[in-house]
Amino acid sequence: MKTKKSQKLYKKAMTLLPGGVNSPVRAFKAVGGNPLFISKAKGSKIYDVDGNEYIDYVLSWGPLILGHAHSSVVKALKKAAERGTSYGAPTKLEIELAELVKNAFPSIEKLRMVNSGTEATMSAIRLARGFTGRSKVVKFEGCYHGHVDGLLVSAGSGGATFGIPDSLGVPSSYASETIVLPFNDVEALRNTLKDNWKDIACVILEPVVGNMGCILPHKEFLAALREETEKYGVVLIFDEVMTGFRVSFGGAQEYYGIKPDLTCLGKVIGGGLPVGAYGGKKEIMQMVAPEGGVYQAGTLSGNPLAMTAGIETLKVLKKSSTYKKLEDKMIQLEEGLKDAAKRAGVKVRFYRAGTMFCSYFTETEVVDAKTAKTSDLDKFKRFFWGMLNRGIYIAPSQFEAGFISLSHSEKDIEKTVKSAYKTFKEL
Ligand code: KE4
């Protein structure tokens, strides 16, 4: 692909923004080379500033489940903008979106809108600590919950592994409040809660891990999580920022039939505008200011534009035929990719939940961060560039999930599978 204009913009951006980007993963560090600068997008396609067209499987890391610039979203946003962009006062729109979310997630009896997934998880953790009076948090290796200080932590060495910071600027005192366990490890979970429950406020997890590629939970793991947290009065938080409305209309909790105490949402519920939300049991949510003593606030929380984009998106998702259409597209892609890899003689492990998916270059069954890391990253890198140069835009990191939208056509998917076969062959 000719990418002269992108290169020029990247050089300029580097003089203004750290790494030339406003979020690290966009800098293509994991695959080398320079990022493309995007000029516009429509449906399943994105276009870079050099005029190259790509079929997009990143979809802004999940939000654009309808596809880019969906007509009803854009139309509603134009009208909303003419009525003012933010009032800093309550509106009917916030009630409308809250009802749509609540109807899809029965475990959410009350919720609060915020402006990002990070704000949602940060607030949910503060709330769990306020509700229980305990301070420790259990998370799982490989799960990402936004750049919350206390969660930028990876497993220390040894048993009930108290965390060690995996970012500069996170004091060890914060990290020591976080216990990091292997995902899908029921025994480690049971032992940790048994020994430490008196100090543990909550357990937070991505019910399907979309930040290590795509790692599925074992049924007994989710069951143990719910049973053990219930037993010890530990708040169970499902971070469904990525899985919400993605794995199914009711998220991973509907898909796997497990009811958490609190849920964090983001991405899809904003329809491409900045939104996050956290919600759950009334008895917990009533502790949030101004009703209760757990403080949380936000200038643009629930603003009319973000609410409008979210409402329009969820209205389309609510239609009975939507998830069947999404599922059919996902099956066409999954079967196509698996067949292409087989015909090309490349060993690939493919996982998906609803329409979030990932393929790893490994023969090992991927069940946690450790096994995800057995993927051949050099192969992934060459796969990424081979696909990009054939007009297919996948996540520039092995440890991200891919997404499909309502706008991806059969033709798009056929082209994707053909490109994958040629690229696998090159590997
Ligand atoms: P944001 O603060 O980026 O809106 O959401 C944080 C977050 C929380 N929980 C989960 C499960 C998430 O996946 C995310 C954000 N996901 C990343 C992609 N892996 C966003 C992309 C980026 O960081 O630029």
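Residues numbered from 1 in each chain as written. Predicted model: local features only at pLDDT ≥ 70, side-chain atom pairs only at ≥ 80, totals over all residues. Heavy atoms only, no water.

Take the pattern of salt bridges next. Any two side chains of opposite charge can pair if their charged atoms end up close together. A full pass over the atoms with the stated rule returns 19 salt bridges. One salt bridge in this structure joins E312 and K315, with 3.4 Å as the shortest N-O distance. Residue E312 and its partner K315 are located together in helix α10 (residues 304-318), separated by three residues, close to a single helical turn. Residue class for E312 comes out buried when judged on its relative accessible area of 15%. You can call K315 partly exposed: its relative accessible area is 42%. For R352, the salt bridge identified is with E334, shortest N-O distance 2.6 Å. (Salt bridge = Lys/Arg side-chain N within 4 Å of Asp/Glu carboxyl O. Helix = DSSP H or I, 4+ residues; strand = E, 2+ residues; numbered from the N terminus. Buried < 20%, exposed > 50% of the residue type's maximum accessible area, 1.4 Å probe, protein only.)

This brings us to the domain arrangement of the protein. For the protein, the assigned domains are domain 1 (4-69 + 320-426) and domain 2 (71-318). Between domain 1 and domain 2, the C-alpha centre-to-centre distance is 25 Å. Taken together, the contact pairs 34 residues of domain 1 with 34 residues of domain 2. Carbon and sulfur atoms supply 65% of the area buried between domain 1 and domain 2, which totals about 2,500 Å² over both sides. Of all residues in domain 1, L66, Y323 and M356 bury the most surface against domain 2, accounting for 23% of the area lost on that side. Linking domain 1 with domain 2 are zero salt bridges, by the criterion used here. Taken together, the links from domain 1 to domain 2 amount to twelve residue pairs in polar contact (both at pLDDT 80 or more). Contributions of two or more residues to the side of domain 1 that touches domain 2 are made by α11 (322-344), β13 (349-353), β14 (356-360) and α12 (369-372). The leading source of residues in the side of domain 1 that touches domain 2 is β14, at four residues. Classifying every residue of the side of domain 1 that touches domain 2 by side-chain character gives 23 nonpolar, six polar and five charged. (Domains from an automatic or database assignment. Contact = heavy atoms within 4.5 Å. Buried area = accessible area lost by both parts, 1.4 Å probe. Polar contact = N/O pair within 3.5 Å; in protein donor to acceptor, adjacent residues only side chain to side chain. Nonpolar A, V, L, I, M, F, W, Y, C, P; charged D, E, K, R; others polar.)

Here helix α3 (residues 92-104) crosses α10 at 35°, and the two axes come no closer than 9 Å. When the axes of α3 and α10 are compared, the crossing they make is left-handed. Residue-level contacts link L93, E94, E96, L97, L100, V101 and N103 of α3 to P304, M307, T308, G310, I311, L314, K315 and K318 of α10. (Axes fitted to C-alpha atoms, helices over the stretch in contact; angles between N-to-C directions. Left-handed = near helix turned anticlockwise from the far one by under 90°.)

This part is about the layout of surface pockets. Regions of empty space are outlined by a rolling probe, equal in size to a water molecule, passed over the atoms. Each pocket or cavity is described by its volume, and for the second largest pocket that value is around 530 Å³. Around the second largest pocket sit 22 residues that line it, and E94, A98, L111, R112 and M113 are the ones nearest its centre. Secondary-structure elements contributing two or more residues to the lining of the second largest pocket are α3 and β4 (110-114). Considering only residue class, the lining of the second largest pocket consists of nine nonpolar, seven polar and six charged. (1 Å grid on protein atoms, 1.4 Å probe; cavity = no way out; pocket = protein on both sides within 12 Å on 5 of 7 lines; lining within 4 Å. Points joined across faces, edges and corners; volume = space filled by probe spheres on them.)

Attention shifts here to the site of the ligand. Taken together, the neighbourhood of the ligand is formed by 16 residues, with S23, T118, N211, D239 and E400 sitting nearest. Take E400: an N or O atom from its side chain is 2.7 Å from a nitrogen atom of the ligand. When the residues that make up the shell around the ligand are grouped by side-chain class, the tally is five nonpolar, seven polar and four charged. Each of domain 1 (4-69 + 320-426) and domain 2 (71-318) accounts for three or more of the residues forming the shell around the ligand. (Near = heavy atom within 4 Å.)

The next thing to look at is unusual backbone geometry. Following A289, the chain continues into P290 via a peptide bond in cis, with omega recorded as 10°. Along the chain, the position of P290 falls in the loop between α9 (282-285) and α10. Residues other than glycine seldom take positive phi values, yet F28 does so here, at roughly 65°. Secondary-structure assignment places F28 in the loop between α1 (4-14) and β1 (38-42). Positive phi outside glycine occurs at A69, with the angle close to 50°. Position of A69 relative to the elements: it lies in the loop between β3 (53-56) and α2 (71-81).

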